2 protein chains.
Amino acid sequence: MKKRYLMAPGPVAVDPHVMSVMSEPLIHHRSPQFSSILTEVRKDLKYLYQTNNDCLIFASSGTGGMEASVANLLSPGDKAICVVAGKFGERWSELCQTYGVETVDINVEWGHAVDPAQVKEALDEHPDAKAVFIQAHETSTGVKHPVEELGRMIADKPDTVFVVDAISALGVYDMKVDEWNLDVVVTGSQKSLSLPPGLAVVSVSEKAWKMAEKAKAPRYYFNFLKERKALARETTAYTPAVSLIIGLGEVLKQFRQMGLENLFAHHRRLSGAVKAAVKAMGLEQFPKDPSEAITVICAPEGVNGQDVVKILREDYGITIAGGQAQLKGKIFRISHYGYLCEWDMIIAVAAVERALNELGHKVPLGSGVAACQEYFANN
Amino acid sequence: MKKRYLMAPGPVAVDPHVMSVMSEPLIHHRSPQFSSILTEVRKDLKYLYQTNNDCLIFASSGTGGMEASVANLLSPGDKAICVVAGKFGERWSELCQTYGVETVDINVEWGHAVDPAQVKEALDEHPDAKAVFIQAHETSTGVKHPVEELGRMIADKPDTVFVVDAISALGVYDMKVDEWNLDVVVTGSQKSLSLPPGLAVVSVSEKAWKMAEKAKAPRYYFNFLKERKALARETTAYTPAVSLIIGLGEVLKQFRQMGLENLFAHHRRLSGAVKAAVKAMGLEQFPKDPSEAITVICAPEGVNGQDVVKILREDYGITIAGGQAQLKGKIFRISHYGYLCEWDMIIAVAAVERALNELGHKVPLGSGVAACQEYFANN
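Residues numbered from 1 in each chain as written. Chains lettered and ligands numbered in written order. Predicted model: local features only at pLDDT ≥ 70, side-chain atom pairs only at ≥ 80, totals over all residues.

A. Molecular detail of the overall build of chain A. Along its length, chain A carries 13 helices and 14 strands. Taking 21 Å as the expected radius of gyration for a compact globule of 379 residues, we find that chain A reaches 21 Å, a close match to that expectation. Along the three orthogonal principal directions, the C-alpha set of chain A runs to about 60 × 55 × 35 Å. The buried share of chain A, reckoned over its 379 residues, is 59%. In chain A, the share of contacts with a sequence separation of at least 24, taken over all contacts with a separation of at least 6, comes to 71%. (Helix = DSSP H or I, 4+ residues; strand = E, 2+ residues; numbered from the N terminus. Rg over C-alpha atoms; globule rule 2.2 N^0.38 Å. Buried ≥ 20, exposed ≤ 12 C-beta atoms within 10 Å, placed from the backbone. Contact = placed C-beta atoms within 7 Å.)

B. Here's a closer look at the relation of the copies chain B and chain A. The two copies are related by a screw operation: chain B maps onto chain A through 180 degrees of rotation and 0.0 Å of translation along the axis, at an RMSD of 0.0 Å. Here the copies are linked by what is in effect a two-fold axis. Considering only C-alpha atoms, the residue of chain B closest to the rotation axis is B:Ser60, which sits at 2.4 Å. Both copies present the same face, since 100% of the interface residues in chain B are matched by interface residues at the equivalent positions in chain A. (Least-squares fit on C-alpha atoms with pLDDT ≥ 70 in both.)

C. Quick look at the sheet that holds strand 13 (residues 321-322) of chain B. All names here are of chain B. Pairing within the open sheet is antiparallel, and its 3 strands lie in the order 11-14-13. A strand with exactly one partner marks an edge of an open sheet, and here the two such strands are strand 11 (294-298) and strand 13. As defined by bridge partners, strand 11 adjoins strand 14 (residues 331-335) across 5 bridges and the pair is classed as antiparallel. Residue Ile-297 lies in a different strand from strand 14, and its bridge partner there is Phe-332. (Pairing = 2+ DSSP bridges.)

D. Broad picture of the domain arrangement of chain A. Residue and element names in this part refer to chain A. Partitioning chain A into domains gives domain 1 (5-10 + 260-378) and domain 2 (16-258). One C-alpha centre belongs to domain 1, the other to domain 2; they are set 28 Å apart. Counting from both sides, the interface comprises 25 residues of domain 1 and, opposite them, 24 residues of domain 2. Listing elements by their share of the side of domain 1 that touches domain 2, those giving two or more residues are helix 10 (260-280) and strand 11 (294-298). With 4 residues, the top contributor of residues to the side of domain 1 that touches domain 2 is helix 10. Split into classes, the residues belonging to the side of domain 1 that touches domain 2 amount to 13 nonpolar, 8 polar and 4 charged. (Domains from an automatic or database assignment. Nonpolar A, V, L, I, M, F, W, Y, C, P; charged D, E, K, R; others polar.)

E. Spatial organisation of the interface of chain B and chain A. Of the residues lining the interface, 42 residues belong to chain B; the matching set on chain A comes to 42 residues. Among the secondary structure elements, those contributing two or more residues to the side of chain B that touches chain A are helix 1 (16-22), helix 3 (62-73), helix 4 (87-98) and helix 9 (242-258) of chain B. With 4 residues, helix 3 of chain B is the largest single contributor of residues to the side of chain B that touches chain A. Of the residues in the side of chain B that touches chain A, the class split is 21 nonpolar, 17 polar and 4 charged.

F. Expanded view of the packing of helix 12 (residues 342-358) of chain B against helix 13 (residues 367-378) of chain B. All names here are of chain B. Packing of helix 12 against helix 13 leaves a shortest axis separation of 8 Å and a crossing angle of 160 degrees. When the axis of helix 12 is compared with that of helix 13, the two are roughly antiparallel. Judged by the twist between their axes, the crossing of helix 12 over helix 13 is right-handed. Residues Glu-342, Met-345, Ile-346, Val-349, Ala-350, Val-352 and Glu-353 of helix 12 lie in contact with helix 13, whose contacting residues are Ser-367, Gly-368, Val-369, Cys-372 and Phe-376. A per-class count over the contact of helix 12 with helix 13 returns 8 nonpolar, 2 polar and 2 charged. (Axes fitted to C-alpha atoms, helices over the stretch in contact; angles between N-to-C directions. Parallel < 35°, antiparallel > 145°, perpendicular 65-115°, else oblique. Left-handed = near helix turned anticlockwise from the far one by under 90°.)

G. Molecular detail of the sheet that holds strand 2 (residues 54-59) of chain A. Residues and elements named next belong to chain A. The 7 strands lie next to each other as 2-10-9-8-5-3-4, forming an open sheet whose pairing is mixed. Looking along the sheet, the strands with just one partner apiece sit at the ends: strand 2 and strand 4 (102-107). Ignoring which end each strand starts from, the neighbouring axes of this sheet average 20 degrees apart. Its contacts with the sheet place helix 2 (residues 32-49) against strand 2, strand 9 (184-188) and strand 10 (199-204), and it is angled at close to 110 degrees to strand 2.

H. Main features of the packing of helix 2 (residues 32-49) of chain B against helix 9 of chain B. All names here are of chain B. Where helix 2 meets helix 9, the closest approach of the two axes is 9 Å, and the angle between their N-to-C directions is 45 degrees. Taken together, helix 2 and helix 9 sit at an angle that is classed as oblique. For the element pair helix 2 and helix 9, the recorded crossing hand is left-handed. Seen from helix 2, the contacting residues are Phe-34, Ile-37, Leu-38, Glu-40, Val-41, Asp-44, Leu-45, Tyr-47 and Leu-48; seen from helix 9, they are Val-242, Ile-245, Ile-246, Leu-248, Gly-249, Leu-252, Lys-253, Phe-255 and Arg-256. Counted by class, the contact of helix 2 with helix 9 contains 13 nonpolar, 1 polar and 4 charged residues.

I. Representation of the pairing of strand 14 of chain B within the structure. All names here are of chain B. In terms of burial, strand 14 is largely enclosed, as 5 of its 5 residues are buried. Covered by surrounding structure in strand 14 are Ile-331, Arg-333 and Ser-335 together with Phe-332 and Ile-334, the residues of both alternating faces. Sheet topology note: the strand 13/strand 14 ladder contains 2 bridges and is antiparallel. When the bridges of strand 14 are listed, Ala-321 appears paired with Arg-333.

J. Just helix 12 (residues 342-358) of chain A, in detail. All names here are of chain A. The first and last C-alpha atoms of helix 12 sit 25 Å apart over 17 residues, in line with the 24 Å expected at 1.5 Å per residue. What helix 12 keeps buried is the set Asp-344, Met-345, Ile-347, Ala-348, Val-349, Ala-351, Val-352, Glu-353, Ala-355 and Leu-356. Buried residues along helix 12 sit in contact with strand 1 (5-6), helix 10, helix 11 (305-316), strand 12 (318-319), strand 14 (331-335) and helix 13 (367-378). Within two residues after helix 12, Gly-360 carries a phi angle of roughly 90 degrees, on the positive side. (Expected span 1.5 Å × (residues − 1).)

K. Spatial organisation of unusual backbone geometry. Geometrically, the link from A:Gly10 to A:Pro11 is a cis peptide bond, its omega value of -5 degrees lying close to zero. Tracing the backbone through its elements, the reader meets A:Pro11 in the loop between strand 1 and helix 1 (16-22). Positive phi outside glycine occurs at A:Ser194, with the angle close to 55 degrees. Turning to its location among the elements, A:Ser194 is positioned in the loop between strand 9 and strand 10. Unusually for a residue other than glycine, B:Asn181 sits at a positive phi of about 60 degrees. Position of B:Asn181 relative to the elements: it lies in the loop between strand 8 (161-165) and strand 9 (184-188).

L. Structural detail: the nonpolar core. Counting residues in hydrophobic clusters, the biggest one holds 273 residues, and the most contacted among them are A:Val132, A:Ala348 and B:Ala348. Once residues within four sequence positions are removed from consideration, A:Val132 is found in contact with A:Ile81, A:Val119, A:Leu150, A:Ile154, A:Thr160, A:Phe162 and A:Val163. (Core = buried A, V, L, I, M, F, W, Y, C linked by C-beta atoms within 7 Å.)

M. Quick look at the environment of A:Phe255. Residues and elements named next belong to chain A. Inspection of the secondary structure assignment puts Phe-255 in helix 9 (residues 242-258). Through-space distance from the C-alpha of Phe-255 to that of Tyr-47 is 9.3 Å; in sequence the pair is 208 residues apart. Ignoring anything within four residues of it in the chain, the contact list for Phe-255 reads Leu-48, Gly-171 and Leu-263.

N. Geometry of the environment of A:Lys46. All names here are of chain A. The topology assignment puts Lys-46 in helix 2. Taking the C-beta count within 10 Å as the criterion, Lys-46 has 17 such neighbours and is therefore assigned partly exposed. For the pair Lys-46 and Ser-205, spaced 159 residues apart in sequence, the C-alpha to C-alpha distance is 12 Å.

Below, the structure is given as structure tokens:
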């Protein structure tokens, strides 16, 4: 009778109704029936992205969408600025280097957001930079970068695009792609879209299309121009992940019914409650600039964060995430996106209370849960 | 009460039991539970591939697996021989060119298999060719290429690898990857693996690994070396398509229970019955060297093949495929792989009989079905 709970920052829990829709008999990807679903999904993606830009869908994980952005915008020898404030920032820099792009890394201490002044300085020093790459939310540290401010700053540069990995941010909190001038925005299915992994979505602005037309990096499967042509014919360049796209259609329909404001408020509420619990338990959040997407908690003195993750998984049936790379053992992370509700947050906090006590770090049982309850009752 | 049937050469019908397994609550990709599933799947893939080579799994469509093979084996300026006998042969050549590889195309008339002597000649003329690219089964024409003979021929060349797109062949008919020296073999989930699209699998021989270690084409998401490292840790380099891999495990378990011989005999039987029906209906097969994977039928004089496809889809709820590129309108294609049984073939043939009559091409009703019945009764 042990139930299993998935509260890691992706893959996330999927609504059983969405699962059941995805389980209906498969349809052919070159049929009028699928074309009409695809067209609807693309329209609803524009709603979620708050954009008029085309939204391209790839069968791949989010990293594929990131690679697509590098390979379709740049040419070997180009220069790009990468904000590196965690594992996923490093990925941008690695991707650029893979394609022979010269990178100017803005290294930010893990746990901190980039200061827009640093980006301005890099842009002033490197006016020939063709792109600025960043995470909206750096999942490895729980930090939210100021993409709105940066978007408005880069909008002034006619030959520089702003590329945002919003894999764990889009759909979690407000991101006005057009208003903030976010040229290319990547997301993945297994985060706030609350689907199994296997889809990447990339929005492309007019400024980015112009760059894509000139870019010379090799790409075939991840090809923006081919996908744009296919989009005009209501299809995809290569066989799409049919069942995931059908699931995406269902999720986006729910998002539309709910409204973006309510969707964001939901995540804010789950996040607020867990952050209140962290404080009440006498624990520390790791990020100085935390997001509503996840709560990243410092393992207290004498406790290995990986042990917290292990006890939750093995003894309580609850999957949260530990730290990656330099943060391994030092933190543990609880997600607020995915098919989750307030009771899930209470379960997560209750499990953390118990695990910490078991590991010798005394936390009054119920202290975190009480703070959650207070928060939920008042928000 | 109209039922829908999917008998196109992919995406194919999926066993509802497999669908239900894939619909179980999602598990985390970095959990011991998923690692053990992944390890089992990789073992069962070796059984299906009849190989001891590592089988790498990517979240992408089959084309991603093809691109991975080019980008991981070759460097710009390398030379490669491509057998081009249809739309997917063209894809190999385009992929090579995308990565700055000089291609020697062996152009074969559509509908014919390559003559091994042509490949031998190309190899003699271009001893510096690093790779030979081919389809095991060219889905656009229904042709089966002689990969066994070619594999044995290329095995003698220490610096040339043999790369086989077996997307619509592996699991359909016998393919002894190790015995025939097929260095890199690509497949996709939406063909004989009878899953929704979204997974590519690539097997890599020792000879190919040596080449991958030296190759300089850019690649990040599709990276053989990173996947090999991840494989040793029972994981994947990037977020895998968790639910599809769980489905793959279920399908491979069924294949194992059935045994490869019976699996191949099943496809041979479905194919034989439909090919007998084609003859009985007075129709012609398009390929001179047909495979057991699909039956490709020439639209008779005065009939547009696309109209046959349309009537089947719109009036009868049956999805088969038409022709692509130069074959558009000239052929229609019925699949024998996927979750299909003999009664499905009878339905397909019966529908074709009716559609042809409707389009003014007289076929005695029941003539094709009778031939199917005879074939099934005797085989």
